Structure formats: C-alpha cells, structure tokens
Amino acid sequence: MLQTAFFSHIETQYLSQLPFVAYRKPNEKIINAILQNNDTVYEVTDFKERGFVFAPFNLQDRIVIFPLETSQCLSAEFKPASNLDAKPIEFELDKNTRDAHLKLIQKGINDIKAERFKKVVLSRVEKISLDDKSPIELFESLLQTYPSAFVYLWYHPGIGLWLGATPEILLSVEGQRFNTMALAGTQPYANSKHVSWDAKNIEEQRLVTHYITETLKPYTDRIDTGEVQTAKAGQLLHLKTKISGVFQPGALKDVITHLHPTPAVCGMPLKASQAFILAHENYNREYYTGFLGELNFKTAKTRNTNRRNVENSAYQTVKLTTHLYVNLRCMQLKQQDAFIYTGGGITKDSNAIEEWEETVNKAQTMLSVLKN
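What counts and how
- Residues numbered from 1 in each chain as written.
- Predicted model: local features only at pLDDT ≥ 70, side-chain atom pairs only at ≥ 80, totals over all residues.
- Heavy atoms only, no water.
- Core = buried A, V, L, I, M, F, W, Y, C linked by side-chain atoms within 4.5 Å.
- Buried < 20%, exposed > 50% of the residue type's maximum accessible area, 1.4 Å probe, protein only.
- Helix = DSSP H or I, 4+ residues; strand = E, 2+ residues; numbered from the N terminus.
- Contact = heavy atoms within 4.5 Å.
- Pairing = 2+ DSSP bridges.
- Salt bridge = Lys/Arg side-chain N within 4 Å of Asp/Glu carboxyl O.

A. Summary view of the nonpolar core. Counting 54 residues, the largest nonpolar core has Tyr-152, Trp-154, Trp-162 and Leu-171 as the members making the most contacts within it. No other element matches helix α4 (residues 199-216), which puts 5 residues into this core. Excluding residues that lie within four positions of it along the chain, Trp-154 makes contacts with Phe-20, Val-21, Phe-52, Phe-54, Val-64, Phe-66, Ile-159, Gly-160, Leu-161 and Trp-162. Counting residues in hydrophobic clusters, the runner-up holds 35 residues, among them Phe-78, Leu-142, Tyr-155 and Ala-165.

Here it is, written out as structure tokens:
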C-alpha cells in the first residue's frame, strides 16, 4: 500500500470515530495500522487474545485490545520527507506546577530515607496548546524525528487519543524465547554517548535490572543479562541492560502481569512505591507508563534443514509473537490541547532540582513535534 493511501485510510477511520492504531517499530521502515470495524471497547482477560493491546499504569483499570478478528490490518513503507532533528523548545513553565512537583520529589526522598521504599518514580503532566496541528500530522512528525523509537497513534472514541515515541521495550516474545530491557538513568545528549554516570543513576539502573531478573526467574528455564550500555533516545541518554531467555510454556500472562509496572516506571518495592504514587501524584496517569503493542500475532518463518535437497528443504514454522513497549514520551490529545506526561526515578541520592530538570528535558520529545 502506498504511503498516501495508508494515511488516507487512517484519516477516514478517525473522522468516522472508529478505533484504530497506527505504529512503527524501532528502526523499521514499515508502518502498520489496525482499524477496528466497530466502536466496542474490547478488554483483555487472559492474554490469550490476539490483537493490539493498550494497558494502563494501574492494571486494576481496563486493558483494551483491538482484536485482529474484528479489525482490518494495513501496512506501508514510510519514506521520510526529510531528516528532522529534535530541536530544544523553550516554553514557559507554571511556577505553581514546579513548586508542587519539587515538594512531591522531596517527600519521596524523605520517605526513601525513612526506609518506606528504596525507589519511587514520580511524574507530572504539562498542558500545551496544539496550535491547530492534527493528530496525523503529529504522528508523521514523530515518525520522521524518532526513527529508533516505537512511534504510535492510538484512538478509541470511548477512551481518547494518545500518541508517542517510546524508547523502552517491556517484552518481546517469539515462541518461548523472550527479550526485555532495564532502562533507567537519564542525562541530556551532548553530541556524544561516551559520558560519565553518577552514583544515583548507576544505582537506579542496578535496582531496575535486579528487579526484572528476579521477577522473571520463576517463569523461565534460562535467563541471561547483558552488559550495561549507554543508549540514546531522542536528545536524551539512558543506561540500558538487555535481558533475554526462555519462558516456561503458558507463562505469558504471569510474566506480563508480574513484570508491569517495572521499577523504571513505579519503584521498589512495588506495592509501597505504587501506593505512594496513587496517594500523592494528585492526577491519574491513565495509560502513561502503561504498555502497548502486538499481542500473540502469528509469524511464519521459513528455514532450510537440508540444503542438498531443494525440493524438501523449505519448512515453514508458525510462531506466536508479542512485542510490547512501555508508554513513555507520550501525550494525550483533548480538543485543542496536548497533555504531555513526564517523570523520573527518585532514590536516596536524588536532588529535587535536578529531578525537576529531568522532567523538563523529557518533555522535549513531544514538544519538539508540537512546536517545531
């Protein structure tokens, strides 16, 4: 399908107020869309469903899915019109918002020092005018600006409209083999990935990696942890550790529900940090720091087992694949406003002012396409 026809289908679906998602996986050229043929809100119950899943931060709320059996699937090659850079945008911040978030961060630090928990991820939301930009225009800008991110535009008339460019994989599964990552620590990108990391960021990354590996162990036959790397996401740098292994049969639901939310979006221990967030952030994250992506798609692969016998050498295997991403660097659109969500991990070594500045830096991912 041609790129122009692809976007025309999306626009028709949106104007018809029917659910859809358009997305591109990291470092790929193909854009995909799933167009639901009715406005029903379908929910995930056992993670055996097949479709595109959109899950909230708090799994007590509903996990929405666009089922493949009630949807049309489209794909096209996306050819960028130009290579856009994410240029920093200066914007006026509300002093009351800043003061409130600083107080929240300081309370988190105080509770950590009082040993109520080891880490908590605290977030806020920033309201920005859309300036008459359409959701599809913003989606195209995200595609061009962030080629290495999972970029998406998600809409359901009964829930809302979200879009984003997230750098973080929650879980990638092919058959029983899985890959995930621990992503924590943040600093601005300054033309080089060869940087030093302070004790606070290193400790935050260690906590996230340890939590994920320990959480997955009961459901795996093997688990491997890679070296800590510095990864670039837009104009930010993060610490990243790749984690891979083999699941036990039938473990997908347990893995997802125990893995989410990770310490990278919630904290440690999970229950104590999540309780603090729900009690003190003073707004509903909804689908920010939730997860989204393909659930139980069928993927066919051809392999050759005997190269000498061409006639009998092609064997096709069909496996279920799942690719889920953490909903970071995202915004929700409501009428003529965009609500940008940002946050950061708080540990005993955190500095409130520096943590505030980190949220400002992270907001640039969405601001760069809203205001450029």
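B. The pairing of strand β16 (residues 330-334), seen in detail. The buried fraction of β16 amounts to 4 of the 5 residues, a majority that puts the element mostly inside the structure. Of the strand pairs in this sheet, strand β8 (residues 160-166) and β16 are connected by 4 bridges, and their pairing is antiparallel. Among the inter-strand pairings, Gly-164 is bridged to a residue of β16, identified as Cys-330. Alignment of β16 against strand β17 (residues 337-346), held across 5 bridges, turns out to be antiparallel. The residue of β17 that forms the bridge with Gln-332 is Phe-339. Counting the residues between successive antiparallel strands, the hairpin from β16 to β17 contains 2 residues, one of them, Gln-335, with a positive phi of roughly 55 degrees.

C. Summary view of unusual backbone geometry. Cis geometry marks the peptide bond from His-260 to Pro-261; its omega dihedral reads -5 degrees. Within the secondary structure layout, Pro-261 lies in the loop between α5 (252-259) and β13 (267-268). Note that the residue after Met-268, namely Pro-269, is joined by a cis bond; omega there is -15 degrees. As for its placement among the helices and strands, Pro-269 is situated in the loop between β13 and α6 (270-280). Of note, the phi angle at Thr-289 is positive, near 65 degrees, even though the residue is not glycine.

D. Structural detail: the pattern of salt bridges. For the structure shown, the criterion picks out 15 salt bridges. The partner of Lys-127 in a salt bridge is Asp-337, with the nearest N and O atoms 3.7 Å apart. Of this pair, Lys-127 sits in strand β6 (residues 119-129) while Asp-337 sits in strand β17, and the two are 210 residues apart along the sequence. Asp-349 is paired through a salt bridge with Lys-348; the nearest N and O atoms lie 3.4 Å apart. Note on Asp-349: relative accessible area 39%, which makes it partly exposed. For Lys-348, a relative accessible area of 49% translates into the label partly exposed. The structure contains a network of salt bridges with shared partners spanning Lys-119, Lys-200, Glu-204 and Glu-355.

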